Amino acid sequence: MKSRTRFAPSPTGYMHIGNLRTALYEYLIAKSQGGDFVLRIEDTDQKRYVEGATDIIYSTLKKVGMFWDEGPDIGGNFGPYVQSERKKIYAQYAHQLVELGGAHYCFCKAQDEEERENQEASGLKFEDPCKHLSIDEAKKKIAAGEPFVVRQNINKKGVSVFEDVVYGKIEIDYDELDEGVLLKSDGLPTYNFANVIDDHLMQISHVVRGNEYISSTPKYNLIYEAFGWTPPIYVHVPPVMKDAQHKLSKRNGDASFQDLVAKGYLPEAILNYIALLGWNPGTEQEIFSLAELEKVFTCERLNKSPSIFDITKLKWMNGCYIRSLSPESFHELALPYYKKCLTRDVNLEFLSTVLQPRVETLAEIEENIDFIENLPFYSSTLYENKKMKTDEQIAKSSLMLAKEALVAQTVWTNESLFETLKNVAAEHNLKNGQILYPVRIALSGKQTTPGGATEIAVVLGKKTTLERIDLALTLL
RNA sequence: GGUCCCAUCGUCUAAUGGUUAGGACAUCACCCUUUCACGGUGGUAAUAUGGGUUCGAAUCCCGUUGGGAUCACCA
């Protein structure tokens, strides 16, 4: 049978990392077996609906290259793919489930609910009085306009057993299950019901979801059973954690996919990193494109325990991706950051070549190039450096020598500049650093810079280079 | 609290009864070097705990501890 998976987010805000990882695993299960990946929007809770949230879902999936085969925007043979548009379908199946004995109509009010909770808190199992209503009696009430819900029947005794791809055999006592609402009084289904109906109707073969659903899975199986349907293959995955005891969550203000992109992480790197959070290929390879993941992914190598999201490792991986970019691609990605803080006429192409191996996120570009626009104030003690064997005196004479050579310099490339200054050093019996270090300080005003003295000179251009050396000499 | 689930370096993980417990990030040291980074070499660092089973346990079983999940007209 062809494998079919679905990503079924509810449009409640931004896409968080755990969500995206679930989508990735769903995508990979489908694609590693030549199957279909379906996008379904679960908007049955109008209270939580957030405008624009579905666009974020679309754009995120597109950015990482996870294209869906069926979905609200492109249609498919099993539509509609938005749950609020499937209202009638759920109602029809809910009524059918009642006829089949899998559920009952319930007319309990808020105060009954309180009683229900109280009883359950005291350890007793609540007996829903509505359960004893005959279907005919219930239908009369409904016809009379009384608000109702459809509530699941849990009549079985003993233990429910099911197999999970990640966790293996799970056993849960039927007594632990409560008779939850399947169809709400607003006529829309709850997740518990909509999922079963949609996953069956859409012929989903593998259901991938957070492991918080493990304990309610027997309830879903009961519904499948009542309809005479075959349950899907379950793949429950552990959560992505912020630290040892907290899940990554929007409420804590933890980074979402778009936050990370805004901070200069590449979508491919983010995807690669989260693929490895809870899954491993069984080899020592760590860098994977989505296409490569499709080839090697198997759910058997999914982990059971939660994993902590480690931004430091993501940063490293992002650095790997940045370094593997072609110089042109990097330059293109860097350009918006240059525009943000540079107005001077500098050699941006060359700047990109010195920056590329040095930044791990694009956002780091800014702090690396701040000195280009405005030379920072610095103390002349900055010229003192033991390792370079320089001090203010040497700096002064070196800068004068460098200036003389640079004024005469016609070819303004890193190689030729380096050659020139190296020769100056040699002629005056100085170490390279004794010339280059003061020049670099004069040009940048900073202890550390991306690239050496001559590289900075190339970026700044001849005019600015000489201006800054002159300025430095007036201060010494 | 009942129930379910989980437990290897700080972090992500490998090792499905026999390994000096492997790799990666981070960290430290050294090398390279025009500062920084990149790159290279090496180091520190883990089987939560107590009992079994076994010739042999990170691995299987039981207990303990710790953590998470669930018990909504949310998903």
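Visitor: I would appreciate a short explanation of the protein's contact with RNA strand B in the present structure.
Guide: Around RNA strand B, 58 residues are found, and the nearest of them are Lys184, Asn280, Glu286, Arg358 and Gly451. Among the atoms of RNA strand B close to the protein, meaning within 4 Å, 73% are from sugar or phosphate groups. Between a base nitrogen of RNA strand B and a side-chain N or O atom of glutamate 176, the distance comes to 3.3 Å. At the level of secondary structure, the elements contributing two or more residues to the surface near RNA strand B comprise strand 6 (168-173), helix 6 (191-201), strand 11 (307-308), helix 11 (311-324), helix 16 (414-427), helix 17 (432-444) and helix 18 (453-475).

Visitor: Is there a simple way to think about the environment of leucine 177 in this case?
Guide: Here leucine 177 is to be found in the loop between strand 6 and strand 7 (181-183). Since its relative accessible area comes to 3%, leucine 177 is described here as buried. Remark: the alpha-carbon pair of leucine 177 and serine 216, spanning 39 residues in sequence, is separated by 7.3 Å.

Visitor: It is not clear to me how the side chain of arginine 6 should be interpreted in this structure. Could you clarify?
Guide: You can see arginine 6 is positioned in strand 1 (residues 4-7). One polar contact links arginine 6 to asparagine 195, side chain to side chain, over a distance of 2.7 Å. For arginine 6, the side chain forms a polar contact with the side chain of aspartate 199, separated by 2.9 Å. Excluding residues that lie within four positions of it along the chain, arginine 6 makes contacts with Glu26, Val38, Arg40, Tyr191, Asn195, Asp199, Ile204, Val207 and Val208.

Visitor: Explain the sheet that holds strand 7 here, please?
Guide: Within a sheet, each strand pairs with its neighbour through backbone hydrogen bonds, oriented either parallel or antiparallel. The strand order across the open sheet built from three strands is 3-4-7, with neighbouring strands paired in antiparallel fashion. Both outer strands of the open sheet, strand 3 (103-106) and strand 7, are each paired with one neighbouring strand and no more. Across the sheet, the mean angle from the axis of one strand to that of its neighbour is 40°, orientation sign disregarded.

Visitor: Would you take a moment to explain the packing of aromatic side chains for this structure?
Guide: The relation between two aromatic rings is expressed through the spacing of the ring centres and the mutual angle of the planes. By the definition in use, this model includes 15 aromatic pairs. Seen in terms of ring centroids, tyrosine 105 and phenylalanine 148 are 5.6 Å apart; in terms of plane orientation they differ by 75°. Their pairing is edge-to-face. Of this pair, tyrosine 105 sits in strand 3 while phenylalanine 148 sits in the loop between helix 5 (135-143) and strand 4 (149-152), and the two are 43 residues apart along the sequence. Assigned by exposure class, tyrosine 105 and phenylalanine 148 land together as buried. Measuring from centroid to centroid gives 6.2 Å for tyrosine 191 and tyrosine 220, while their planes differ by 75°, and the two rings are edge-to-face.

Visitor: Even after reading the chapter, I still don't get the domain arrangement of chain A, so can you show me in this structure?
Guide: As a measure of interface size, the accessible area lost when the parts come together is often cited. Annotation of chain A at the domain level lists domain 1 (86-237), domain 2 (257-323), domain 3 (325-373) and domain 4 (380-475). If you average the C-alpha positions of domain 1 and of domain 3, the two centres end up 56 Å apart.

The rules behind these values
Residues numbered from 1 in each chain as written. Chains lettered and ligands numbered in written order. Predicted model: local features only at pLDDT ≥ 70, side-chain atom pairs only at ≥ 80, totals over all residues. Heavy atoms only, no water. Near = heavy atom within 4 Å. Polar contact = N/O pair within 3.5 Å; in protein donor to acceptor, adjacent residues only side chain to side chain. Helix = DSSP H or I, 4+ residues; strand = E, 2+ residues; numbered from the N terminus. Buried < 20%, exposed > 50% of the residue type's maximum accessible area, 1.4 Å probe, protein only. Contact = heavy atoms within 4.5 Å. Pairing = 2+ DSSP bridges. Axes fitted to C-alpha atoms, helices over the stretch in contact; angles between N-to-C directions. Phe/Tyr/Trp six-rings, centres within 6.5 Å; stacked < 30°, edge-to-face > 60°. Domains from an automatic or database assignment.

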